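Each chain, written out:
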Amino acid sequence: MLKKLKKIMIPNFKAHPWHGISAGEDAPNVVNTFIEIVPSDTIKYEVDKKSGYLKVDRPQKFSNIIPALYGFIPRTYCHEEVKKLAIREGATDVSEGDHDPLDILVLCSHNIHSGGLLMDAIPIGGFKMIDKSEADDKIVAVMVGDQVYGHMRDISELPQAEVFRLKHYFLTYKNLPYEEASCRIEEIYGADHAKEVINASMKDYSDKFGGEL
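What you are looking at is a predicted structure, and each value in this text was computed from that prediction instead of being measured.

Moving on: the pairing of strand β4 (residues 69-72). Alternating positions in β4 separate into two faces, Leu 69 and Gly 71 on one and Tyr 70 and Phe 72 on the other, with burial throughout. Pairing geometry for β4 and strand β6 (residues 103-107), over 4 bridges, is antiparallel. Across the sheet, Leu 69 pairs through a bridge with Val 106, a residue of β6.

Structure (structure tokens):
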């Protein structure tokens with residue numbers, strides 16, 4: 001009976017999107033990305049760290065709709081190494097990473113209807129966001145092969161208005177009208193530093209959970 005059960009269960013096993021999937025064979029140049037939310041979502045979803053299933057985090061408040069595909073890079077973690085990078089770049093009030101996988105926003109010209117999927121993405125830059133003394137970097141990437149964004153290799157190639165739109169989202173997505181802003185963007189950085197952040201988060205993951213880089 002046990003053998004029969006194993007035959008049924010093993011082929012249907014679903015890898016945990018944070019721990020069971022690599023950051024990518026060519027990371028940090030091209031990274032696996034697990035997409036949690038898409039621009040049409042009015043609910044913010046995030047992966048439940050224990051089960052690996054998408055869960056409802058909160059309704060999107062007011063007009064702050066996610067401007068692109070949003071998720072995280074598997075087998076990354078933001079802690080000591082990510083914190084050190086933030087301090088090195090001048091954010092001296094940072095005391096720790098945010099203890100989550102590294103967030104990533106993927107620019108894509110296609111209409112993808114729902115999250116819970118994997119895609120390959122090329123990091124082109126990011127935002128060094130500080131949220132209540134925690135380093136909470138947001139990597140900006142483009143979907144591999146996208147007809148509009150796929151050729152870009154650095155955030156400097158994006159129109160300035162697009163960069164401001166992404167920045168505005170991250171500065172306001174947690175805010176309520178009656179609350180003081182809890183986060184700031186210390187720096188907008190290019191592809192080279194984005195790759196440094198990804199490598200740092202992969203090292204933090206290895207230090208926390210084990211496994212090879």
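That covers the picture; the talk isn't over yet.
Among soluble globular proteins, nonpolar side chains are generally buried collectively. Ranked by internal contacts, the top residues of the largest apolar core, which has 31 residues, are Leu 69, Val 106 and Ile 139. Secondary structure elements with two or more residues in this core: β1 (31-37), α2 (80-88), β6, β7 (117-131), β9 (138-143) and α4 (191-209). The greatest single-element share of this core, amounting to 5 residues, is contributed by α4.

Look at α2 against α4: their axes get within 7 Å of each other, and the N-to-C directions meet at 145°. Note on element contacts: α4 touches α2 through His 193, Glu 196, Val 197, Ala 200, Ser 201, Lys 203 and Asp 204, opposite Glu 80, Glu 81, Val 82, Leu 85 and Arg 88. Split into classes, the residues belonging to the contact of α2 with α4 amount to 4 nonpolar, 2 polar and 6 charged.

The subject of this paragraph is the pairing of strand β2 (residues 43-47). Strand direction decides the pairing type here: β2 and strand β3 (residues 54-59), joined by 5 bridges, are antiparallel. In the strand pairing of β3, Tyr 45 is matched with Val 56.

A probe matching the size of a water molecule, rolled over the atoms, marks out where space remains unfilled. Reported here for the largest pocket is a volume of approximately 390 Å³. Within the residue set of the lining of the largest pocket, elements represented by two or more residues are β1, β2, β3 and β4. At 4 residues, β2 tops the list of elements feeding residues into the lining of the largest pocket. Residues that form the lining of the largest pocket fall into these classes: 8 nonpolar, no polar and 14 charged.

Looking now at the pattern of salt bridges. Taken as a whole, this structure holds 15 salt bridges when the rule is applied. Measuring nitrogen to oxygen at the nearest pair gives 2.9 Å for the salt bridge that ties Arg 184 to Asp 93. With a gap of 91 residues between them, Arg 184 in strand β10 (residues 183-190) and Asp 93 in the loop between α2 and β5 (96-97) connect regions that are remote in the sequence. Judged by its relative accessible area of 31%, Arg 184 is partly exposed. One salt bridge connects Arg 165 with Glu 162, and the closest N-O pair in it is separated by 3.1 Å. Taken together, the residues Arg 165 and Glu 162, both in helix α3 (residues 160-172) and 3 residues apart, mark about one turn of the helix. Each of Lys 44, Glu 46 and Asp 57 takes part in a single network of salt bridges with overlapping partners.

A few words on the environment of Pro 17. As for its placement among the helices and strands, Pro 17 is situated in the loop between α1 (2-9) and β1. In this structure, the C-alpha to C-alpha distance between Pro 17 and Ile 35, residues 18 residues apart in sequence, is 9.8 Å. Beyond its immediate chain neighbours, meaning those up to four positions away, Pro 17 contacts Phe 34, Val 47, Gly 52, Phe 72 and Pro 74.

The tally for this structure, following the rule as stated, stands at 9 aromatic pairs. Consider the rings of Tyr 169 and Phe 170, whose centres lie 5.4 Å apart with planes at 70°: the pair is edge-to-face. Note on Tyr 169: relative accessible area 4%, which makes it buried. Grouping aromatic residues by their ring pairs yields a cluster made of Trp 18, Tyr 77, Tyr 205 and Phe 209.

Given a rise of 1.5 Å per residue, 13 residues ought to cover 18 Å, and the 18 Å separating the end C-alpha atoms of α3 matches this to within 8%. Of the residues making up α3, those classed as buried are Glu 162, Val 163, Leu 166, Tyr 169 and Phe 170. The buried side chains of α3 occupy one side of the element, clustering within an arc of 125° when seen end-on. Across α3 from its buried face, at more than 90 degrees, point the exposed residues Gln 160, Ala 161 and His 168.

Along α2, the positions that sit buried rather than exposed are Val 82, Lys 83, Leu 85 and Ala 86. Relative to the axis of α2, the buried residues are bounded by an arc of 160° and lie together on one face. The secondary structure elements touched by the buried residues of α2 are β5, β7, β8 (134-135) and α4. Once α2 ends, the next one or two residues include Gly 90, with phi positive near 110°.

Rules and cut-offs
Residues numbered from 1 in each chain as written. Predicted model: local features only at pLDDT ≥ 70, side-chain atom pairs only at ≥ 80, totals over all residues. Heavy atoms only, no water. Buried < 20%, exposed > 50% of the residue type's maximum accessible area, 1.4 Å probe, protein only. Helix = DSSP H or I, 4+ residues; strand = E, 2+ residues; numbered from the N terminus. Pairing = 2+ DSSP bridges. Core = buried A, V, L, I, M, F, W, Y, C linked by side-chain atoms within 4.5 Å. Axes fitted to C-alpha atoms, helices over the stretch in contact; angles between N-to-C directions. Contact = heavy atoms within 4.5 Å. Nonpolar A, V, L, I, M, F, W, Y, C, P; charged D, E, K, R; others polar. 1 Å grid on protein atoms, 1.4 Å probe; cavity = no way out; pocket = protein on both sides within 12 Å on 5 of 7 lines; lining within 4 Å. Points joined across faces, edges and corners; volume = space filled by probe spheres on them. Salt bridge = Lys/Arg side-chain N within 4 Å of Asp/Glu carboxyl O. Phe/Tyr/Trp six-rings, centres within 6.5 Å; stacked < 30°, edge-to-face > 60°. Expected span 1.5 Å × (residues − 1). Arc of directions from axis to C-beta.

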